[in-house]
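Structural characterization, general
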Amino acid sequence: LAFVICNMDKVNMSVAIIPMALDFGWSPTTVGLIQSAFFYGYMASQLPGGVLASRVGGRQLLPAGVLLWSSATAVVPAIASSTVSLSASRAVVGLGEGISPAASVNIIGKLFPPSERSRATATVFGGLNLGSIVGLVVAPLLVRSLGWPSVFLVFGGVGILWTLWFGSTFPVELEEHPEAKKERVEEEASSSEDRVPWRRIISQRPVQALIYTHFCNNWSHYTLLAWLPTYYKESLEVDLSGAAFFALLPPLVALGVSSVAANLADSLIQRDIPITQVRKIIQGLAFLGPAVCFFGAMVAPSPEAVVALVTVGLGMNSFSLAGLYCNHQDLSPKFSANIFGITNTAGTLPGVLGVPFTGWLLEHTGSWGLALFAPSVFLFITGALVFFKFGSGERLDLREPVA
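Residues numbered from 1 in each chain as written. Predicted model: local features only at pLDDT ≥ 70, side-chain atom pairs only at ≥ 80, totals over all residues. Heavy atoms only, no water.

1. Some thoughts on the packing of aromatic side chains
Aromatic ring pairs: the centre-centre distance and the angle between the two ring planes describe each pair. Quick note on the threshold: Here a Phe, Tyr or Trp ring, Trp counted by its six-membered ring, pairs with any other such ring whose centre lies within 6.5 Å, and the pair is stacked when the planes are under 30 degrees apart, edge-to-face when over 60, and tilted otherwise. Going along the chain from the N terminus, every DSSP run of H or I of four or more residues is numbered as a helix, and every run of E of two or more is numbered as a strand. We call a charge positioned above a ring when the Lys NZ or Arg CZ atom is no farther than 6 Å from the ring centre and deviates by at most 35 degrees from the ring normal.
According to the stated counting rule, one finds 20 aromatic pairs in the structure shown. Seen in terms of ring centroids, Tyr 231 and Phe 373 are 5.8 Å apart; in terms of plane orientation they differ by 90°. Their pairing is edge-to-face. On the criterion of sequence distance, the pair formed by Tyr 231 in helix α12 (residues 205-235) and Phe 373 in helix α18 (residues 368-390) is long-range, its members being 142 residues apart. Taking NZ or CZ as reference, Arg 205 lies 5.5 Å from the ring centre of Phe 390, over its face.

Here's what the structure looks like:
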């Protein structure tokens, strides 16, 4: 539910920015810069989020993040006339949302054994798709009936109410699953490290491959999340509600795809197929399928074909929930939150760079195909090749070498 609210507060700007840009006279480049501000806060919180999740636990960290981003969302109507203040608010939203994935990875690592983590991860992170759907359905209705300020007031209020509910409902200490506890104890027994071995982690080739894989995965996710409603509004010449409707089709498909991917991955692992092989198969589907679809969207003969290809492509990208998003726990259950913080820092760069770059490229080329789809095709193909070559599902040896 927290991740549903997370993406509601992420996609609300992609809808509300359309009437806001008209009210305030913003150019595409300004719109891109405002939307990218979210990712500055998101990127800054990745490593601290991983450290905090390991030290204080995901149970304590998650509600703090929800309260932070919800409060920053609710104040937008009061500060929107200033692009600086608005950008700062969106950065704080990113800060709150940025610590939540590491908190969730920490919780999943404690509550679920390895054979069930693909499904658990897909279910939790699948809330992002559901949040996109809810946000893209509700936001246009609010804009049309109450004006764009209502989007931020309502969505921010929902998150604040969730924080109060979570704090009064769930125990402060979570009971660790026996298999997860055994796995953690074995890893701790084989390592004398109490501190996070940052240098050893970053020097590992599978981690480096995962860093680039995460970057490639998030480029299309963030750029299309930000620009898809505007693209559909301009290319299909539909109103705001129509643009939002077409934009919510991919997360609808992604909900089904993530369930299939998770069950497929866990079933393969239960059949004793090596985890490394399973993760590469799943991530290959997550990258190469969308690459074909997005290339097709660049040369499609009709807008209807583009909508279909983009929908299928983004839906297939949800295979990543059972691929790269589970890989951190494969590599090190003990330091999975820290590794996630490292890779998701790189995964945030597409939001910081890609969203404004797309606006800039669109402004200078006038081509949605070059601005929105071509970079994703390149990154999907290269990301798949890197993960096939260097990715791994085996436990890392993070012990410092003996001199």
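Read on, since the account is not over.
2. Observations concerning unusual backbone geometry
Note the cut-off: Residue exposure (1.4 Å probe, protein chains only): buried if accessible area is under 20% of the type maximum, exposed if over 50%, otherwise partly exposed.
Its identity is not glycine, yet Asp 272 carries a phi of approximately 70°, on the positive side. Note that Asp 272 resides in the loop between α13 (240-270) and α14 (275-299). On the accessibility criterion, Asp 272 (68% relative accessible area) is exposed.

3. Quick word on the packing of helix α2 (residues 28-44) against helix α6 (residues 83-98)
Using the following cut-off: Axis definition: a line fit to C-alpha positions, over the contact stretch in the case of helices; interaxial angles, taken between N-to-C directions, run 0 to 180 degrees. Should an angle fall under 35 degrees it is taken as roughly parallel, and over 145 as roughly antiparallel, whereas 65 to 115 is taken as roughly perpendicular and any remaining angle as oblique. Handedness of each helix crossing follows the sense of rotation of the near helix against the far helix: counterclockwise by less than a right angle gives left-handed, clockwise gives right-handed. Pairs of residues are marked as contacts when any of their non-hydrogen atoms sit within 4.5 Å.
With their axes 6 Å apart at the nearest point, α2 and α6 run at an angle of 40° to one another. As judged from the angle between their axes, α2 and α6 are oblique. Once α2 is placed against α6, the crossing between them reads as right-handed. Across from Ile 34, Ala 37, Phe 38, Gly 41 and Tyr 42 in α2, the residues of α6 making contact are Thr 83, Leu 86, Ser 87, Arg 90, Ala 91, Val 93, Gly 94, Leu 95, Glu 97 and Gly 98.

4. A short note on α2
Residue pairs three or four apart in sequence face the same way in an α-helix, which turns once every 3.6 residues. Rules: Helix span is expected to be 1.5 Å times the residue number reduced by one. Bend, in this description, refers to the angle at a residue between axes fitted to the seven residues ending there and the seven starting there.
With 17 residues, α2 should cover 24 Å at 1.5 Å per step; its first-to-last C-alpha distance of 25 Å lies within 8% of that length. Taking the largest bend as the criterion, α2 deviates by roughly 25°, centred on Ser 36. Taken together, the buried positions of α2 are occupied by Val 31, Gly 32, Ile 34, Gln 35, Ser 36, Ala 37, Phe 38, Phe 39, Gly 41 and Tyr 42. Looking at the buried residues of α2, the elements they touch are α1 (2-24), α3 (46-56), α6, α7 (100-111), α12 and α17 (336-365).

5. Digging into the side chain of Asn 218
Using the following cut-off: Any N or O atom pair separated by 3.5 Å or less is treated as a polar contact, with the protein-specific requirement of one donor-capable and one acceptor-capable atom, and with residues adjacent in sequence counted only for side-chain atom pairs.
For Asn 218, the position within the fold is in helix α12. Within the structure, the side chain of Asn 218 is placed 3.0 Å from the side chain of Asn 217, a separation counted as a polar contact. Not counting residues within four places of it along the chain, the set of residues in contact with Asn 218 comprises Tyr 325, Asn 344, Gly 347 and Pro 350.

6. Brief notes about the environment of Gly 32
Within the fold, Gly 32 resides in helix α2. Taking relative accessible area as the criterion, Gly 32 reaches 0% and is therefore assigned buried. Between the C-alpha atom of Gly 32 and that of Ser 118, which follows or precedes it by 86 residues, the distance is 34 Å. Non-local contacts of Gly 32, meaning those with residues more than four positions away in its chain, are made with Trp 227, Val 355 and Pro 356.

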